[in-house]
There are 2 protein chains.
Amino acid sequence: MSKIMSVAETVAEASLGRFDRDTAVELRETGLYEARLSPRWATGRKVNGGYLLSLAGRALGDTLPHPHPFTVTAHYLAAPSAGTACIRTETARVGRTVSSGSAVLYQTDDRSRKAECVRALATHADLSALPDDVHTTTKRPAMPPPELCLRTSEHPASGSGPGESGPSSEMSDQLSLRYDPATCGWAVGAPSGRGEMRAWVSHADGRDQDPLSLLQVVDALPSPAFEMGFKGWVPTVELTVHIRARPAPGPVLVSILSENLAGGFLEEDVQVWDGDDRLVAQARQLARVGRN
Amino acid sequence: MSKIMSVAETVAEASLGRFDRDTAVELRETGLYEARLSPRWATGRKVNGGYLLSLAGRALGDTLPHPHPFTVTAHYLAAPSAGTACIRTETARVGRTVSSGSAVLYQTDDRSRKAECVRALATHADLSALPDDVHTTTKRPAMPPPELCLRTSEHPASGSGPGESGPSSEMSDQLSLRYDPATCGWAVGAPSGRGEMRAWVSHADGRDQDPLSLLQVVDALPSPAFEMGFKGWVPTVELTVHIRARPAPGPVLVSILSENLAGGFLEEDVQVWDGDDRLVAQARQLARVGRN
C-alpha cells in the first residue's frame, strides 16, 4: 500500500505475520478494496488460489458484520499476476447469526480493461458465538507426528508448465509443510497411485492459523493428482470451504482425498484438523488435470 | 406463464415432464427471467432448495453458452413463497470448455420491495464434450434394489415447524423415493443414530434425470439429521453441486453421509450414482439443525 504510515501503524504492522501483511486490503470507496497480490504466495508464476480466496475473505470480513468466513465458494476465471488488484464486494443479506455477500477480484491492464480473476460467494458467521456441541463422527486420518514427516521445497508442478521458467515456488518459503511419507512419492518420482496427500502445515514465521488463513491452507498442498501419477498444472475451477471452528494454536493437519477423477477433471476433498483433534475446516474443489 | 401458446407449443409442452414445466423460465429482458415457483416442489410450506437451484440453473443455461451445470453453489438467504419470482443472471467469463456466471432469485412484495431468496454462482460445461476417461475410485454404497426398498409419503419435518400446518409434502407426489430400510428408522420413530440416508429416486411421471434435474435430486431426501435423532427443519445455508456426467436413464441412487455435526450446523455429503454405476454428481451442503 502506498499510504504513509504513522510510527504506531508501522510498529503494529511489524508485529503482524507475513500472511496478514500480504492479505491487507485498503478501502477505496464503499464496497471497493485495493489489494497487492504478493509473489510470495505463488508457485512458479501461479498465484495460489487459496491466497486469492483469503484476500476475498478479508474484504468480505470488512464488508459484512460477521467476522469469520463460514462457507465460501470461489470460481477461478483467469490467473492474475502479482501486483495490484481490486476487490468489489456486495452485501446480499444481513441476519442475526450469519450474513452473506459476493466478491469479485479483478485486475486492470494498462489500457484500463478489467479482467475478472475470481468471483466468490460467502456466508460469514461469528464462530465464537456458535454453541460448543461437537458430534463429529469422521476420524482424524492416521499421520506420523511432524518430526517424522518429510519436508521438501519442491512442488511437482513448478516449472513444468508453459512459461513456467520463472522463479521457483515462493509459497514454500512462507509455509512449513511436513508431508506424510506415505503420500509424497511424487517428490522422489515414485507416486503411490493413490489420490491422497497429507501434511502438517504452519506458517514459517510462527503466525498461528485462524479462520481467514484456513481459506489459504485448504489449497496449500500439491494436488493429489501428482500422487496419482499425473503431471502438469492442475488449475482449480471451483473451491468451496466450510470453516467450522477457530483452530487451536500450532500446526494443522491437512488431509486431501481424491476419489473421482473422470472426464479430465477431479474432485479434491480436504479436511483440516487442529492440534486438539477438532475438524476445523472442510473443503472441496473441482480441478482440471493433464494440462501440460 | 401467461404467454399465449400456439397449438405446436401446447403439444410440445404436454410432452414435457412435470419438472420441465415447473422449472420453466421466461426471458423478460437480457439477463432477467420470470419463473413461477410451484407448490408441487415444496415440503410443508418450504419450497425445496434443490428445486430453486434448478430454476437458477435453467436461467443460467439460457444465459451461458455451455448447456450443463458443472459446478454450482447456492446460498439460501430467505425462504420464498410459491408464486412468481425473478431470476437475474450475469455472465462472468466465457471460455472454450467452461463458462461462468451468477444468478440471484428474488421475489417482489405488493409494496414493490425486493426480497433476495437465493444467490448462486455457477460454472457450466458441455458434459457430452468431455473426454470419457473414468478413474473413479470411490465405491457405490451397498443398497438393496428398489423393489426391496421402502416407500413413505411422510417427511420427518412436515408439519413440525412453526406455521407448518399447511398442506403436507407435495414434493413426494412428484418423486418416487425408495428408501434403504437401514436408513429410514426416522419413518417409524426409531432413528438409527447414524448420519446416513439413501434412496432410489426417479420422477413419478417417468421423466429421466438429466444434469439440470440432478441439481434438484441432490436435495430431494430428508436430512440425515433426522436419522441421527434430531427433529425440526434443517434449513440449508449453502449447497454446492458438481455434475460430472449425464445420468443413464432410470432411477438414480442418492446417498447422503453426514459426519460433522458441530456448533449447531452439519455438513451433508451427497453422491448420486446412475444405473450404470457411474458417479454422476457429488454435492455438499451446510445446514442448521435443531430449529424447531
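Above this text is the structure in question.
Note that the structure is a prediction, hence the values are computed from the model and not measured.

Draft legend 1. How the structure looks around unusual backbone geometry. Residues other than glycine seldom take positive phi values, yet Ser112 of chain A does so here, at roughly 65°. The backbone of Asp277 of chain B sits at a positive phi, close to 60°, despite the residue not being glycine.

Draft legend 2. Up close: the sheet that holds strand β12 (residues 252-262) of chain A. Residues and elements named next belong to chain A. Read from one edge of the open sheet, 12 strands run β1-β2-β6-β7-β8-β5-β11-β14-β13-β12-β10-β9, paired in antiparallel fashion. Each having just a single partner strand, β1 (25-29) and β9 (175-179) make up the two edges of the open sheet. Between one strand and the next, the sheet's axes are offset by a mean angle of 25°, whatever the strand orientation. Of the strand pairs in this sheet, strand β13 (residues 265-273) and strand β14 (residues 279-288) are connected by nine bridges, and their pairing is antiparallel.

Draft legend 3. The side chain of Thr71 of chain A, seen in detail. Mapped onto the fold, Thr71 of chain A is located in strand β5 (residues 68-76). A polar contact is formed between the side chain of Thr71 of chain A and the side chain of Glu238 of chain B, at a distance of 2.9 Å.

Draft legend 4. A look at the sheet that holds strand β14 (residues 279-288) of chain B. All names here are of chain B. Pairing is antiparallel across the open sheet formed by 12 strands, whose spatial order is β1-β2-β6-β7-β8-β5-β11-β14-β13-β12-β10-β9. Edge positions in the open sheet fall to β1 (25-29) and β9 (175-179), since each of these has one partner strand only. Pairs of neighbouring strands in the sheet enclose a mean axial angle of 25°, with direction left out of account. As judged from the eight bridges shared by strand β5 (residues 68-76) and strand β8 (residues 114-125), these two strands associate in the antiparallel manner. Counted as the bridge partner of Pro69 is His124 from β8. On top of the sheet, helix α3 (residues 49-63) reaches β1, β2 (32-37), β5, β6 (83-94), β7 (98-108), β8 and β11 (236-243); it is set at about 150° to β2, its chief contact.

Draft legend 5. Main features of the pairing of strand β10 (residues 196-203) of chain A. All names here are of chain A. For β10, a buried count of six out of eight residues is recorded, marking the element as mostly surrounded by other parts of the structure. Relative to β10, β9 runs antiparallel, the two sharing five bridges. Bridge assignment links Leu175 to a residue of β10, and that residue is His203. By the bridge criterion, six bridges tie β10 to β12 in an arrangement that is antiparallel.

Thresholds applied
- Residues numbered from 1 in each chain as written.
- Chains lettered and ligands numbered in written order.
- Predicted model: local features only at pLDDT ≥ 70, side-chain atom pairs only at ≥ 80, totals over all residues.
- Heavy atoms only, no water.
- Pairing = 2+ DSSP bridges.
- Helix = DSSP H or I, 4+ residues; strand = E, 2+ residues; numbered from the N terminus.
- Axes fitted to C-alpha atoms, helices over the stretch in contact; angles between N-to-C directions.
- Polar contact = N/O pair within 3.5 Å; in protein donor to acceptor, adjacent residues only side chain to side chain.
- Contact = heavy atoms within 4.5 Å.
- Buried < 20%, exposed > 50% of the residue type's maximum accessible area, 1.4 Å probe, protein only.

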